[in-house]
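Structural description and commentary
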Amino acid sequence: MNPLPVSQRSLDGRLRHLLTLEGLPASMLESLLDAAEVMVPQSMSGTGLRDRLAGRTVCTLFFEPSTRTRGSFHLAATRLGADVLGFDVHASSTKKGETALDTMRTLEAMGVDCFVVRHADDGAVAELAAGARPETSFINAGDGRNAHPTQGLLDMLTLRQRKGPDFSQLKVLIVGDVRHSRVARSDLHALRTLGVGEIRVCAPASLLPDGDALDGCRVIDSLDEALYRVDAVMMLRLQRERMEEGLVPSLESYFADYGLDARRLGLAAPDAVVMHPGPMNRGVEISDEVADGPQSAILQQVGNGVAVRMAILQALLG
Ligand code: ASP
């Protein structure tokens, strides 16, 4: 990835924007996770933190679809007492040809303090941040294949809750469409920074990324082999909207070779945790019995999304 057009930290080291986990020190990731852990009880209900961001305005600016990320940012901001402005691209002047930059500046002129942005283009959120007023904060809610830092953090919180804070002995396996996945990139940055013992990656050659994204990882083609005694399996969705035709011969053959079912999960450590960022393609990446089974942390990830996003909003605006 090219250097960011705007720095995500101020001169005193504090976070101004959250655009990527790349380059953030372990101490910062850990203190965000600690803050999120404390928020967990308040993230599901309650009014105890509603004075934290009272008077601040958060805008969710999504140019791509979202269920979990947008919903949990909305709840997170509400539970901290912020005003929330939801931008719906399908009912907006984007349809009349307004650029993303003009849309952002228009909303900024209404008093938005923080934009939570999802966009189909790599680097688009950083570009918007570079075009905004210096006091406006940006959170990347997913840009193209580049980064999804809050998903990376909520995955780390889930791993920490299931496996404890010391990641140094863990073997973590990432399976599937790493090439097109911003979640995989953010998870890889976080797993490395937090010192995971071993990172394995399993995918067909057509879905492996170019460049240095997999530095330090063990790439294993056979899923049975890759699963051997891992402590956590992170499944990825096939990003068909970002894929040229023909990268996967068929969904059936993909499931046969790279799908996680109960037999295969039996090859991992007995208490291995199964994660998926959602939305899942059941029967393509993962079987029903694994997705809904006792080792699945998929709904715990979703719940943690609210707490993590509260912690980020608090760090940027509090
Ligand atoms: N929801 C995640 C994202 O927006 C994962 C996915 O869509 O596969 O990147």
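This text goes with the structure placed above it.
I will try to describe carefully the structure that is included in this document.

Analysis parameters
- Residues numbered from 1 in each chain as written.
- Predicted model: local features only at pLDDT ≥ 70, side-chain atom pairs only at ≥ 80, totals over all residues.
- Heavy atoms only, no water.
- 1 Å grid on protein atoms, 1.4 Å probe; cavity = no way out; pocket = protein on both sides within 12 Å on 5 of 7 lines; lining within 4 Å.
- Points joined across faces, edges and corners; volume = space filled by probe spheres on them.
- Helix = DSSP H or I, 4+ residues; strand = E, 2+ residues; numbered from the N terminus.
- Nonpolar A, V, L, I, M, F, W, Y, C, P; charged D, E, K, R; others polar.
- Axes fitted to C-alpha atoms, helices over the stretch in contact; angles between N-to-C directions.
- Parallel < 35°, antiparallel > 145°, perpendicular 65-115°, else oblique.
- Left-handed = near helix turned anticlockwise from the far one by under 90°.
- Contact = heavy atoms within 4.5 Å.
- Near = heavy atom within 4 Å.
- Polar contact = N/O pair within 3.5 Å; in protein donor to acceptor, adjacent residues only side chain to side chain.
- Areas by Shrake-Rupley, 256 points an atom, 1.4 Å probe, with all protein chains shown as cover.
- Sits in = over half its atoms within 2 Å of the grid points.

Within this model, the second largest pocket holds a volume of roughly 390 Å³. Among the elements of the structure, α2 (68–79) and α6 (182–193) are those that each provide at least two residues to the lining of the second largest pocket. By residue class, the composition of the lining of the second largest pocket is five nonpolar, eight polar and seven charged.

What follows is about the packing of α2 against helix α11 (residues 298–317). Packing of α2 against α11 leaves a shortest axis separation of 8 Å and a crossing angle of 50 degrees. With respect to α11, the element α2 is oriented oblique. Of the two possible hands of crossing, α2 and α11 adopt the one that is right-handed. Packed against α2, whose contacting residues are R68, T69, S72, F73, L75, A76, A77 and R79, the element α11 presents V302, G305, V306, R309, M310 and L313 at the interface. Across the contact of α2 with α11, the residue classes break down as eight nonpolar, three polar and three charged.

Our focus in this paragraph is the site of the ligand. Taken together, the neighbourhood of the ligand is formed by R118, H148, R182, V183, R237, Q239, G278 and P279. In this structure, an oxygen atom belonging to the ligand sits 2.7 Å away from a side-chain N or O atom of R237. Protein burial of the ligand: of its 260 Å² of free accessible surface, 93% is covered by the chains. According to the grid-proximity analysis, the pocket containing the ligand is the second largest pocket. When its residues are assigned to classes, the shell around the ligand shows two nonpolar, three polar and three charged.

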